[in-house]
Amino acid sequence: EVVKHVTSVNVATGFHAGDPDVMASTVKISEELGVGIGAQPGYPDLVGFGRRDIDMTPDEIANAVTYQMGALAAFTSDKKLQHLKPHGAMYNMAVNDEKLARAICEAILEVDPDLILLALSGSRWIDIAEKMGLRVAREVFADRALMPDGTLAPRSQEGAVLHDPKRIAERSLRMAIDGVVEAVDGSLVEVRADSICLHGDTPG
């Protein structure tokens, strides 16, 4: 149902969620609808849905990301992906951890330098990726609350995940058109939105 309404999909690649059958069916639906396909690699953490911090070396991160990209690309008709967007804790940690951010970028460059990295708008990760020569799409979130510094509000915080479709639509339009979004404290955060993320596991 979600794929009909978006231009790109982030497909879980088995480490935090998803499995070969789900990956195959999602790719099939996406290709039939002409939707861009991207890998969403995460930490090896099925129990925690990839939302728990795991201490891995940069080499381990790069290898895990490479493995997951390869797994998803194998299901596509041309064996290529459009983009990569890390999941959960890996994504959130890369926003402030330069070594982790670089490891993810290096994996992309090794596999396919034409791949687009989706990274948090306004983060240092964007600058790192661009300096390394990567194509980058600045990402904002339709259904997640933001802290005043522009980072995602922790899911443990009440109100971190938004559920009102009207409010989500209004926030998305404001980010795309006006380049601002209201943070949890009511302040306005400037954002540049190349891509708006909507979570597929949120009811509605």
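Use the structure listed above.
Since this is a predicted model, take the numbers as computed values, not measurements.

A. How the structure looks around the side chain of Thr-151. Its place among the elements puts Thr-151 in the loop between β5 (135–141) and α6 (165–177). Since its relative accessible area comes to 19%, Thr-151 is described here as buried. A polar side-chain atom of Thr-151 sits 2.6 Å from a polar atom in the side chain of Asp-149. In this structure Thr-151 touches Val-95, Leu-120, Ala-145 and Leu-146, once residues within four positions along its chain are discounted.

B. Region of interest: the pairing of β5. In terms of burial, β5 is largely enclosed, as six of its seven residues are buried. As paired elements, strand β4 (residues 116–120) and β5 share five bridges and run parallel to each other. Across the sheet, residue Leu-118 finds its bridge partner in β5, namely Ala-137. Between the parallel pair β4 and β5, the chain is carried across by helix α5 (residues 124–131), and the sense of this crossover is right-handed.

C. Quick look at unusual backbone geometry. In the Ramachandran plot, Phe-49 falls in the positive-phi region, its phi being about 55° despite a non-glycine side chain. Looking at where Phe-49 falls in the secondary structure, it is placed in the loop between β2 (36–40) and α2 (58–73). Of the residues examined, Phe-49 reaches a relative accessible area of 28% and is grouped as partly exposed. Unlike most non-glycine residues, Lys-79 shows phi in positive territory, near 60°. Structurally, Lys-79 can be placed in the loop between α2 and β3 (83–84).

D. Representation of the nonpolar core in the model. Ranked by internal contacts, the top residues of the largest apolar core, which has 50 residues, are Met-69, Leu-84, Ile-104, Leu-117 and Trp-125. In terms of residue count, helix α4 (residues 98–111) provides more of this core than any other element does, seven residues in total. Setting aside its immediate chain neighbours within four residues, Ile-104 contacts Ile-61, Val-65, Leu-84, Pro-86, Met-90, Ala-94, Leu-117 and Trp-125.

Conventions and cut-offs
Residues numbered from 1 in each chain as written. Predicted model: local features only at pLDDT ≥ 70, side-chain atom pairs only at ≥ 80, totals over all residues. Heavy atoms only, no water. Helix = DSSP H or I, 4+ residues; strand = E, 2+ residues; numbered from the N terminus. Buried < 20%, exposed > 50% of the residue type's maximum accessible area, 1.4 Å probe, protein only. Polar contact = N/O pair within 3.5 Å; in protein donor to acceptor, adjacent residues only side chain to side chain. Contact = heavy atoms within 4.5 Å. Pairing = 2+ DSSP bridges. Right-handed = clockwise from strand over helix to strand, strands pointing away. Core = buried A, V, L, I, M, F, W, Y, C linked by side-chain atoms within 4.5 Å.

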